[in-house]
Amino acid sequence: MTIRFLRNKVVEVTSQSDGSLAVSWRLTDDLLQAEIDLTVQLPDLEIVRAEARLQRLVPRIWSAAPELIKKIEGVRVGSGLRKIVAGLLGGPQGCPVLVDAVLESANAIILYFTRPVLQVGEAMEGEEKLANLREMIKNSPRLVRSCVAFQDDSPIMQGLDL
Amino acid sequence: MIMFNRSQVIGAEFPDDQTIRFNGIQVDHIYSMEINMDVRITDGQILTIEGIMKRYTTFVCPQAVPVLQTAVGMSLREEGWQRRMMKEIGRKGCEHFAELIIECARCLDQARLSKAMWQALEKEPDLDQQQFMQNWIEENPEYQN
């Protein structure tokens, strides 16, 4: 059976020569093409530039997306982001594609920082590997109870009082 | 150099008039997952689901696969469904499975619109597609992307 709908999404994080991060978020499906670009300044993860382009078949209510995305400039990637983004870009006059794009870009930034920590742990075995995981959790309290691996009854969490 | 990259590919087919069948794949530098699920079109209820965890970070992660069955019976149209999905499938199982289910769900109405437009274009090749979409969205206020 042929599929009747196909969506491709890609989010990329690139480290820039000035120390900032460039995040490129792209969506293309049978109807919509969306491109969102963010520049995030370190160390406080402030979004200093945000641009959006929606093309092909775009609902009229989203036509202000290129102007709307500017509201996110100055916002920092961190706790409370979901609520802030929903407030600035969501709602009846907002654009859900922009909300998703910004939150998924922020998630990609977090995973960009997570990747090297996990790669260091790959060379380890047994207790040493477990200790590395526990250290990662201690340094990232948001992970605690975030999934089955980091629930209180998980063997990974044994001995941690978080 | 790209230091982190995530791709999601969502396909949808319509095995019958009442059902939409999703295949979702999520691959990034750290994780790789796949979701197959059938959803009833009228109320967005998940009828069946299966997940494949291909690449993950801890030995506990595969315990999230059976947790996916909690999603059967959940509706993708009820108030707060994304939050519920992150809580029941994400926190109790795997947040990357939850992300993938949510992306499939976001495609529910877009796939319905795409199918309707295809059928309309078969009858009327010079159809005003923008106007067709606006009319379809007005006639289907449940539309979410």
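Rules used throughout
Residue positions within a chain follow its written sequence, with the count starting from 1. Going through the entries in the order they are written, you letter the chains from A and number the ligands from 1. Residues qualify for local features only when their pLDDT is at least 70, as the model is predicted, and side-chain atom pairs are given and counted only at 80 or more; totals for whole chains, interfaces and linings, by contrast, use all residues. Values reported for side chains reflect all heavy atoms of the structure, with hydrogen atoms and water molecules removed beforehand. Residues belong to a common nonpolar core when they are buried Ala, Val, Leu, Ile, Met, Phe, Trp, Tyr or Cys residues joined through side-chain atoms within 4.5 Å. Buried residues are those whose accessible area, probed at 1.4 Å on protein chains only, stays under 20% of the maximum for their type, while exposed residues exceed 50% and partly exposed ones sit between those limits. Strands here are runs of E lasting at least two residues and helices are runs of H or I lasting at least four, both read from the DSSP assignment and numbered beginning at the N terminus. Note on contacts: a residue pair qualifies if any of its non-hydrogen atoms lie within 4.5 Å across the two residues. Buried area counts how much accessible surface, traced with a 1.4 Å probe, disappears from two parts once they are put together, with both parts' losses summed. In what follows, salt bridge is the name for a side-chain nitrogen of Lys or Arg lying within 4 Å of a carboxyl oxygen of Asp or Glu. Pairs of N or O atoms within 3.5 Å make up the polar contacts considered here, provided that, within protein, one atom can donate a hydrogen while the other can accept it, and that residues adjacent in sequence are counted only when both atoms are side-chain atoms. Charged residues are taken to be Asp, Glu, Lys and Arg, nonpolar residues to be Ala, Val, Leu, Ile, Met, Phe, Trp, Tyr, Cys and Pro, and polar residues to be all remaining types, Gly included. Being paired, for any two strands, means DSSP has found at least two bridges between them. Think of a 1 Å grid over just the protein atoms. A cavity is a set of points where a 1.4 Å probe fits yet cannot get out, a pocket is an open set with protein on both sides within 12 Å along at least five of seven lines, and lining residues have an atom within 4 Å of a point. Grid points are joined across faces, edges and corners, and a volume is the space filled by probe spheres set on the points. For the purposes of this description, domain bounds are those given by an automatic or database domain assignment. Here, the arc refers to the directions that run from the helix axis to the C-beta atoms.

## Things to note about the nonpolar core
When a protein is soluble and globular, its nonpolar side chains tend to lie buried together. Of all hydrophobic cores here, the largest spans 103 residues; its most connected members are A:Ile36, A:Leu54, A:Leu98, B:Phe22 and B:Met37. For this core, the element with the highest residue contribution is helix H3 (residues 95-123) of chain B, accounting for 14 residues. Residues in contact with A:Leu98, not counting those within four places in the same chain, are A:Ile36, A:Ala52, A:Leu54, A:Ala65, A:Leu68, A:Ile69 and A:Leu89.

## Considerations on the interface of chain B and chain A
One frequently used descriptor of interface size is the decrease in accessible area upon assembly of the parts. Contacts between the two partners involve 52 residues from chain B, matched on the other side by 48 residues from chain A. Between chain B and chain A, roughly 4100 Å² of surface is buried when both sides are summed, and carbon and sulfur atoms account for 57% of that area. Run the count over chain B and chain A and you get four salt bridges. Across the pair B:Glu103 and A:Arg7 runs a salt bridge whose closest N-O atoms are separated by 2.9 Å. Taken together, chain B and chain A are joined by 22 residue pairs in polar contact (both at pLDDT 80 or more). Of all the elements in the fold, those that place two or more residues in the side of chain B that touches chain A are strand S1 (2-16), helix H2 (81-91), H3 and helix H4 (129-139) of chain B. Looking at the side of chain B that touches chain A residue by residue, the class counts come to 24 nonpolar, 18 polar and 10 charged. By the bridge criterion, 10 bridges tie strand S1 (residues 5-15) of chain A to S1(B) in an arrangement that is antiparallel. Bridge assignment links A:Glu12 to a residue of S1(B), and that residue is B:Asn5.

## A look at empty space enclosed by the protein
Scanning the entire structure with this criterion turns up two cavities of 30 Å³ or more. Taken as a whole, the largest cavity spans an internal volume of roughly 260 Å³. Lining the largest cavity are 23 residues, with A:Cys147, A:Phe150, B:Tyr31, B:Thr57 and B:His96 sitting closest to its centre. At the level of secondary structure, the elements contributing two or more residues to the lining of the largest cavity comprise helix H3 (96-121) of chain A together with H3 of chain B. A per-element tally of the lining of the largest cavity places H3(A) first, with four residues. Looking at side-chain class alone, the lining of the largest cavity contains 14 nonpolar, seven polar and two charged residues.

## Topic: the pattern of salt bridges
For the coordinates displayed, the defined rule picks out 26 salt bridges over all chains. For the salt bridge of A:Arg7 with A:Asp29, the shortest nitrogen-to-oxygen distance reads 2.9 Å. With A:Arg7 in strand S1 and A:Asp29 in strand S2 (residues 21-29), the pair connects residues that are 22 residues apart, well separated along the chain. Where B:Lys54 meets B:Glu34, a salt bridge forms, and the shortest distance between an N and an O atom there is 2.9 Å. In this pair, B:Lys54 is assigned in strand S4 (residues 46-55) and B:Glu34 in strand S3 (residues 32-40), connecting sequence segments 20 residues apart. Its relative accessible area of 14% is what places B:Glu34 among the buried residues. Bridged by salt links that share partners, the residues A:Arg7, A:Lys9, A:Asp29, A:Asp100, A:Glu104, B:Glu103 and B:Arg106 form one connected network.

## Some remarks on the domain arrangement of chain A
Examined at the domain level, chain A breaks down into domain 1 (7-116) and domain 2 (126-157). The C-alpha-based centres of domain 1 of chain A and domain 2 of chain A are spaced at 29 Å.

## Some points on helix H2 (residues 81-89) of chain A
Residue and element names in this part refer to chain A. All of the buried residues along H2 are Leu81, Val85 and Leu89. All buried residues of H2 lie within an arc of 35 degrees about the axis, which places them on one face of the element. Turned more than 90 degrees away from the buried face of H2, the exposed residues are Lys83 and Gly87. Considering only its buried residues, H2 is in contact with helix H1 (65-68) and H3. With its phi angle positive at about 85 degrees, Gly91 sits one or two positions after the end of H2.

## Notes on the side chain of B:Arg112
Residues and elements named next belong to chain B. Turning to its location among the elements, Arg112 is positioned in helix H3. A residue is classified by how much of its surface remains accessible, and Arg112, at 16% relative accessible area, is buried. One polar contact links Arg112 to Glu142, side chain to side chain, over a distance of 3.0 Å. Aside from chain neighbours lying at most four places away, what touches Arg112 is Phe14, Ile41, Arg77, Trp136, Asn140 and Glu142.

## Looking at the environment of A:Ser105
All names here are of chain A. Along the polypeptide, Ser105 turns up in helix H3. For Ser105, a relative accessible area of 0% corresponds to the buried category. Spatially, the C-alpha atom of Ser105 lies 9.8 Å from that of Ala22, the residues being 83 residues apart in sequence. For Ser105, the residues in contact, after removing those within four places along its chain, are Val11, Val23, Trp25 and Leu38.

## Some points on unusual backbone geometry
Residues and elements named next belong to chain A. In this structure, the amide linkage connecting Leu42 to the following residue, Pro43, adopts the cis form with an omega of 5 degrees. Examined against the element boundaries, Pro43 turns out to sit in the loop between strand S3 (32-41) and strand S4 (46-56). We note that Leu45 has phi near 60 degrees; this positive angle belongs to a residue other than glycine. On the basis of relative accessible area, Leu45 is assigned to the buried category, the value being 17%. In this structure, Arg145 is a non-glycine residue whose phi angle is positive, near 60 degrees. Checked against the element boundaries, Arg145 lands in the segment after helix H4 (126-139). A relative accessible area of 34% places Arg145 in the partly exposed class.

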